[in-house]
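Structural characterization, general
Given next are the chains, with one letter for each unit.
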Amino acid sequence: MPHAELNGIRLYYEIHGQGFPLVLLHGFAGTAQSWAPQIPALAARYRLILYDARGHWRSESPQDPRAYSQEIAAADLGALLDHLNIKKAIVGGLSMGGVVAMTFYQKYPERVRALILADTGPGFKNPAAREGWNRAREEVTRLLEREGIRAYADSSHAALDYYTPREIMLQLSPVGLAHTNRGVLSFHDSWLFDQVPTIAVPTLLIVGANDTDFVPATAYMQRKISGSELVVLEGAGHGANVDQPEAFTQAVLDFLSRRLAD
């Protein structure tokens, strides 16, 4: 699978199938491989585009912390679409990938045909809640910086990243993850949260019933995004696409078939 020099980094990406472009963005400490359960069915109908985010596995991990932010992550996606001569795509993401998908929509709304947001949220309106989240992320960052990737993989912090096999997790860059955690997953204001009601494309929200940290955020987004659809997957946690792969994939296919029929 190819790499491309995009937006100042070397980015790894994969393309499966043909049809209207569908991009899926993985979560923190994930990879393009996180979407393996979805590839056969989605590639049968769409041009499925997957990639390792900057700071993750086969893509470059810049040493400069200033090379990581939600806006830069969104610009990476835009650069990849430009590289592939794609003007508009369906954009989906899980967890961190959902944050990037929402940011991309806000920056480039004309390039998004529909959104798929799984086990994710737009940050926080309440400053105290936001600060609590950021403190937790900083704890993860310091572990990665001080003790490295093995310590992170062995810690309770990696529990949400079970969509990444341990043998792959240990190949991830602790520098890339630390900078991603601080730059992409930390929230410094309520901008993205405040923009949720402006989403005006067909939007599918998926959340695992056991993903208790993200069920409230998903419910909020459903209330605020006009015409959005919600699927709660029983027996699934934060990695809903690997916990219930068939149900997750079918939810995506049904949504796209119904809402994009025109």
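Placed above this text is the structure.
So, how was this worked out
Residues numbered from 1 in each chain as written. Predicted model: local features only at pLDDT ≥ 70, side-chain atom pairs only at ≥ 80, totals over all residues. Heavy atoms only, no water. 1 Å grid on protein atoms, 1.4 Å probe; cavity = no way out; pocket = protein on both sides within 12 Å on 5 of 7 lines; lining within 4 Å. Points joined across faces, edges and corners; volume = space filled by probe spheres on them. Helix = DSSP H or I, 4+ residues; strand = E, 2+ residues; numbered from the N terminus. Nonpolar A, V, L, I, M, F, W, Y, C, P; charged D, E, K, R; others polar. Buried < 20%, exposed > 50% of the residue type's maximum accessible area, 1.4 Å probe, protein only. Contact = heavy atoms within 4.5 Å. Pairing = 2+ DSSP bridges. Axes fitted to C-alpha atoms, helices over the stretch in contact; angles between N-to-C directions.

1. Some details on empty space enclosed by the protein
- The full count for this structure, using the stated rule, is three cavities of 30 Å³ or more.
- In this structure, the largest cavity occupies an estimated 150 Å³ of space.
- What lines the largest cavity is a set of 15 residues, among which A53, R54, A73, M96 and V100 lie closest to the centre.
- Broken down by secondary-structure element, the contributors of at least two residues to the lining of the largest cavity are helix 2 (70-83) and helix 3 (96-107).
- No other element matches helix 3, which puts three residues into the lining of the largest cavity.
- Across the lining of the largest cavity, the residue classes break down as eight nonpolar, five polar and two charged.

2. Describing the side chain of H179
- Relative to the helices and strands, H179 resides in helix 6 (residues 174-183).
- Residue classification places H179 among the buried residues on the basis of a relative accessible area of 10%.
- Residues in contact with H179, not counting those within four places in the same chain, are P62, Q63, D64, P65, Y68 and V184.

3. Points about the sheet that holds strand 6 (residues 112-118)
- Pairing is mixed in the open sheet, where eight strands are placed in the order 1-2-4-3-5-6-7-8. Bordering the open sheet on either side are strand 1 (3-6) and strand 8 (229-233), each of which pairs with just one other strand. Mean inter-strand twist for the sheet, computed between neighbouring axes without regard to direction, equals 25 degrees.
- Pairing analysis gives four bridges linking strand 1 to strand 2 (residues 9-16), with the strands arranged antiparallel. Across the sheet, H3 pairs through a bridge with Y12, a residue of strand 2.
- Packing against the sheet, helix 3 makes contact with strand 3 (21-25), strand 5 (89-94) and strand 6, and its axis sits at approximately 145 degrees to strand 5.

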